[in-house]
Amino acid sequence: MLKSKIMVVMAVAVVLTVGVIIFNHSSRNHEEQNKESEDHYRASLHKSEQNNHWKTVSNEDVRNYLSDRKDFNAQKVKSEFSGGVVNRDTLVFFRFLDNLLKNAKDIPDSLEQARQYLLSVLPSDRAGQMLELYKKYVNYQVGLHQKFRGVMKTGRPDEELVNFEKMKAERRAVFGREDADVIFGASEKAEEYAIRRKMILSDDMLYGLEKERRLRMLHEAMWGDDVMPFDINMSPYSRYQEKLITYSRDLAGARTEAERTAMQEKFRREIFTSDELQRMDEANRSSVEEMKRKQGYYAREKEIRSDTSISRETQDMKIRELQDASFGVEAEAFRREESIQRSMEEHQQKAASEAKALPQNTTLKEAIDYATQKVQDAQKEAKALKASEQ
């Protein structure tokens, strides 16, 4: 008996030892894979920095571009471009011109207005140089829209980066490499950062900690220790949503719902203040209570409508009493919402019925136009009904 117990204990010990060895080996492999992956990512960032010259575009240039300032008075225009028409402010100035000339009839009219404006704020020779550059910019914008229409919105960040490089090459072909890098450098750096960030966040193969390490590497490579507008202007709610995306693989792999909820709660407490959390919790409680109240009401309403032993008038009376009891001072508002909803549903049913009766030779466009008109009629009637009951 004792010998059997000893054998069992020894077997358990061997199993545990083997388990520890396997776990340690697996952990080391995972750490080595992470390090190899991070080293590869850091090397790719270094290569991109060399190719795209991130360091030549200052953080202040990017802030200036993102601020979209529109304070180009005559004196400022003259001083900004006293040394030449190509500098870090050129693109911001062109965006200012675009806004200034937004009511022009067409491109020739826009360029004529630009000519008159530039002559009023710059010496004639500098105004002529700026007008020629602005013409090139306008024609480039038109050509860009035609050549790359829909290209950037591929849905895949890696494809977006490839298309971004194509558009960058197009700018260099139009303006010359040196001028293009000066004019568009800040906008390109901001855009490339956004795409590369998206690539990290959307990578379903990475866990949250790995994503955060890569985000830190990317930020350090492009901005150093500086805090950029991307971070400053992000609301707590946006940061929380991004946190959920960052840890999407961890959340999906949670063993239980309680574990997943605990992770989400940890993120909430990291991001929101105690006052914000309190307001959110109160709003959530109110929403849950409202949902339960409506569920209880609709269940009771169904019971009343199913009672064939009472007349329709009695059913209506009981339902009105139920609404008063369920919603109190909000009962009238609830009745208005119900009335509008019923009206919309009746219109939809009527439109569907009438659509079936359309002639067989009705074209798809005619059918869509018919359905659209019916929806608009229903919306107008709903608005009128709402206004009459207020």
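Scroll up to find the structure this text is about.
About the criteria used
Residues numbered from 1 in each chain as written. Predicted model: local features only at pLDDT ≥ 70, side-chain atom pairs only at ≥ 80, totals over all residues. Heavy atoms only, no water. Buried < 20%, exposed > 50% of the residue type's maximum accessible area, 1.4 Å probe, protein only. Helix = DSSP H or I, 4+ residues; strand = E, 2+ residues; numbered from the N terminus. Contact = heavy atoms within 4.5 Å. Axes fitted to C-alpha atoms, helices over the stretch in contact; angles between N-to-C directions. Parallel < 35°, antiparallel > 145°, perpendicular 65-115°, else oblique. Nonpolar A, V, L, I, M, F, W, Y, C, P; charged D, E, K, R; others polar. 1 Å grid on protein atoms, 1.4 Å probe; cavity = no way out; pocket = protein on both sides within 12 Å on 5 of 7 lines; lining within 4 Å. Points joined across faces, edges and corners; volume = space filled by probe spheres on them. Core = buried A, V, L, I, M, F, W, Y, C linked by side-chain atoms within 4.5 Å. Polar contact = N/O pair within 3.5 Å; in protein donor to acceptor, adjacent residues only side chain to side chain. Phe/Tyr/Trp six-rings, centres within 6.5 Å; stacked < 30°, edge-to-face > 60°.

Hey, could you run me through helix α11 (residues 236-246) in this one?
An α-helix turns once every 3.6 residues. As a result, residues three or four positions apart point the same way. Listed as buried for α11 are Tyr 240, Glu 242, Lys 243, Leu 244 and Thr 246. Residues of α11 that are buried make contact with α8 (177-201), α9 (208-223), α12 (248-252) and α13 (257-271).

Could you clarify how one ought to interpret the packing of α8 against α9 in this entry?
Any two packed helices are characterised by the angle at which their axes cross and by the distance between the axes. Where α8 contacts α9, the axes come no closer than 10 Å and their chain directions differ by 170°. Accordingly, the angle class assigned to the pair α8 and α9 is roughly antiparallel. Here Lys 189, Tyr 193, Arg 196, Arg 197, Ile 200 and Leu 201 of α8 come into contact with α9, specifically with Lys 211, Arg 214, Leu 215, Leu 218, His 219, Met 222 and Trp 223. A per-class count over the contact of α8 with α9 returns 7 nonpolar, 1 polar and 5 charged.

How do you make sense of empty space enclosed by the protein when you look at a structure like this?
By rolling a water-sized probe across the atoms, one finds the places where empty space is left. With the rule as written, the count across this model stands at 1 cavity of 30 Å³ or more. A volume near 30 Å³ is recorded for the largest cavity. As for the largest cavity, its lining consists of Asp 61, Tyr 65, Arg 88, Leu 91, Val 92, Ile 183, Ala 186 and Ser 187. Looking at the lining of the largest cavity, the elements with two or more residues in it are α2 (59-67), α4 (90-100) and α8. Along the lines of polarity and charge, the residues of the lining of the largest cavity split into 5 nonpolar, 1 polar and 2 charged.

Help me understand the nonpolar core, please; the structure alone is not making it clear to me.
The tendency in soluble globular proteins is for nonpolar side chains to be buried side by side. Grouped together as the largest cluster of nonpolar side chains are 31 residues, with contacts concentrated most on Phe 93, Tyr 134 and Tyr 137. It is helix α6 (residues 124-148) that contributes the most residues to this core, 9 residues altogether. With sequence-adjacent residues up to four places away left out, Phe 93 is seen in contact with Phe 72, Val 77, Phe 81, Tyr 117, Leu 118 and Met 130. Core analysis: the next-biggest nonpolar cluster, separate from the first, contains 17 residues, Tyr 41, Leu 45, Ala 186 and Leu 215 among them.

Would you take a moment to explain the layout of surface pockets for this structure?
When its volume is computed, the largest pocket comes out at roughly 370 Å³. Forming the boundary of the largest pocket are 14 residues, of which Arg 197, Glu 212, Leu 215, Asp 231 and Glu 242 lie nearest the centre. Going through the elements one at a time, α8, α9 and α11 are the ones with two or more residues in the lining of the largest pocket. It is α9 that provides the largest number of residues to the lining of the largest pocket, a total of 5 residues. For the lining of the largest pocket, the per-class residue count stands at 5 nonpolar, 2 polar and 7 charged.

I keep staring at the packing of α9 against α11 and nothing clicks. Help me out?
The geometry of α9 relative to α11 is characterised by a closest axis approach of 8 Å and an angle of 120° between their N-to-C directions. Classed by the angle they form, the pair α9 and α11 counts as oblique. Across the interface between the two elements, Gly 208, Lys 211 and Glu 212 from α9 touch Lys 243, Ile 245 and Thr 246 from α11. For the contact of α9 with α11, the class distribution of residues is 1 nonpolar, 2 polar and 3 charged.

Looking at this structure, how should I read the side chain of Arg 197?
Inspection of the secondary structure assignment puts Arg 197 in helix α8. Only 2.7 Å separates the side chain of Arg 197 from the side chain of Glu 242, close enough to count as a polar contact. In this structure Arg 197 touches Leu 215, Leu 218 and Glu 242, once residues within four positions along its chain are discounted.

Looking at this model, I keep getting lost on the environment of Thr 90. Mind explaining?
When you line up the elements, Thr 90 lands in helix α4. Thr 90 sits 93 residues away from Ile 183 along the chain, and the two C-alpha atoms are 5.9 Å apart. Beyond its immediate sequence surroundings of up to four residues, Thr 90 is in contact with Phe 81, Val 85, Leu 133 and Ile 183. Looking at Thr 90, its side chain comes within polar contact range of the main-chain oxygen of Val 85, at 2.7 Å.

In this structure, what is going on with the packing of aromatic side chains? I would like to understand it.
Aromatic ring pairs are defined here through the distance separating the ring centres and the angle between the ring planes. The tally for this structure, following the rule as stated, stands at 20 aromatic pairs. Centre to centre, the rings of Tyr 140 and Phe 175 are 5.4 Å apart; their planes meet at 75°, and the pair counts as edge-to-face. Placement of the pair is Tyr 140 in helix α6 and Phe 175 in helix α7 (residues 157-175), with a sequence separation of 35 residues. Accessibility classification places Tyr 140 together with Phe 175 in one group, the buried group. When the ring of Tyr 193 is compared with that of Trp 223, the centres are 5.3 Å apart and the planes differ by 75°; the resulting orientation is edge-to-face. Of the two residues, Tyr 193 is situated in helix α8 and Trp 223 in helix α9; the sequence distance between them amounts to 30 residues.

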